[in-house]
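# Breakdown of the fold
This is what each chain is made of:
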Amino acid sequence: MTELNPAEFDFEAWIDDARLPEDSETVYKRGDLVAKINHLARQIRVETEAIGIEKVSGGSPLLAKLKKEREELMKAFARSEVTFYLRALPQTKIKELVDQHPLTDDASREDQMAQRVALNRALLAESIVALESPTLEKRDIKMTIPLVATLEAKLGAAQLSRLLTKRQQVQSEAPAPDADFLPDASGTSQDSGQ
């Protein structure tokens, strides 16, 4: 290994192509379909048990109808997928946002909660850098706090929480791709079947 002479090492040139970590999280615009999809799955199980497993392959018009309806809803749910890309923020930006949305200890419990929500929305808005879906190629996006509030109102707190959790992960954890797709010692993907 060649030793580097610190006087000759150009750190700025070396670090020039570095980028802040990014990761992605997927949410669904049509979460309302899940109840009907699950209801149909239960109906399919009941119908399958009622006609007997050996007759399932022979076909039941009701079973075929239920399966077709569930399949169509599953496709609609899948088409509603939206993947958000989130980037870690530099500490200077975090400080700026914290200064703009201060948390006060002497505020009422309700006010403290509202302050935390405002700060989390600001951090998330700044972290989201792009989105894509089955009908939209990946596009850069400039989120705002009102748009994050709209996301919560339309998608629900649980899906917004997934985005907030991913924002925290991308901010605080070292970047690492999914281990299932990392090359093994031979240089092939563990999932490639080679």
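Let me sum up the structure you'll find in this document. In this text, all values refer to a predicted model and were calculated from it rather than measured experimentally.

## Things to note about the nonpolar core
Of all hydrophobic cores here, the largest spans 15 residues; its most connected members are F84, L86, L124, I128, L151 and L163. Those residues in contact with L86 that lie beyond four places of it in its chain are P21, E22, D23, E25, L124, S127, I128, L163, K166, R167 and V170. L33, I44, L66 and A76 belong to the second-largest nonpolar core, a separate cluster that totals nine residues.

## Brief notes about the sheet that holds strand β3 (residues 128-133)
Neighbouring strands of a sheet are bound in pairs by backbone hydrogen bonds; such pairs are parallel or else antiparallel. Spatially, β1-β2-β3-β4 is the arrangement adopted by the four strands of the open sheet, whose pairing is antiparallel. If you trace the sheet from one side to the other, it starts and ends with β1 (22-28) and β4 (136-140), each paired once. When strand polarity is set aside, the average angle formed by the axes of neighbouring strands in this sheet is 20 degrees. Strand direction decides the pairing type here: strand β2 (residues 81-87) and β3, joined by four bridges, are antiparallel. Opposite L86, over in β3, you have I128 as the bridge partner. Running at roughly 175 degrees to β1, helix α8 (residues 157-172) makes contact with β1 and β2 of the sheet.

## Describing the side chain of S60
Checked against the element boundaries, S60 lands in the loop between α3 (53-56) and α4 (61-79). With a relative accessible area of 11%, S60 lands in the buried category. Setting aside residues up to four positions removed in sequence, S60 forms contacts with E47 and I51.

About the thresholds
- Residues numbered from 1 in each chain as written.
- Predicted model: local features only at pLDDT ≥ 70, side-chain atom pairs only at ≥ 80, totals over all residues.
- Heavy atoms only, no water.
- Core = buried A, V, L, I, M, F, W, Y, C linked by side-chain atoms within 4.5 Å.
- Buried < 20%, exposed > 50% of the residue type's maximum accessible area, 1.4 Å probe, protein only.
- Contact = heavy atoms within 4.5 Å.
- Pairing = 2+ DSSP bridges.
- Helix = DSSP H or I, 4+ residues; strand = E, 2+ residues; numbered from the N terminus.
- Axes fitted to C-alpha atoms, helices over the stretch in contact; angles between N-to-C directions.

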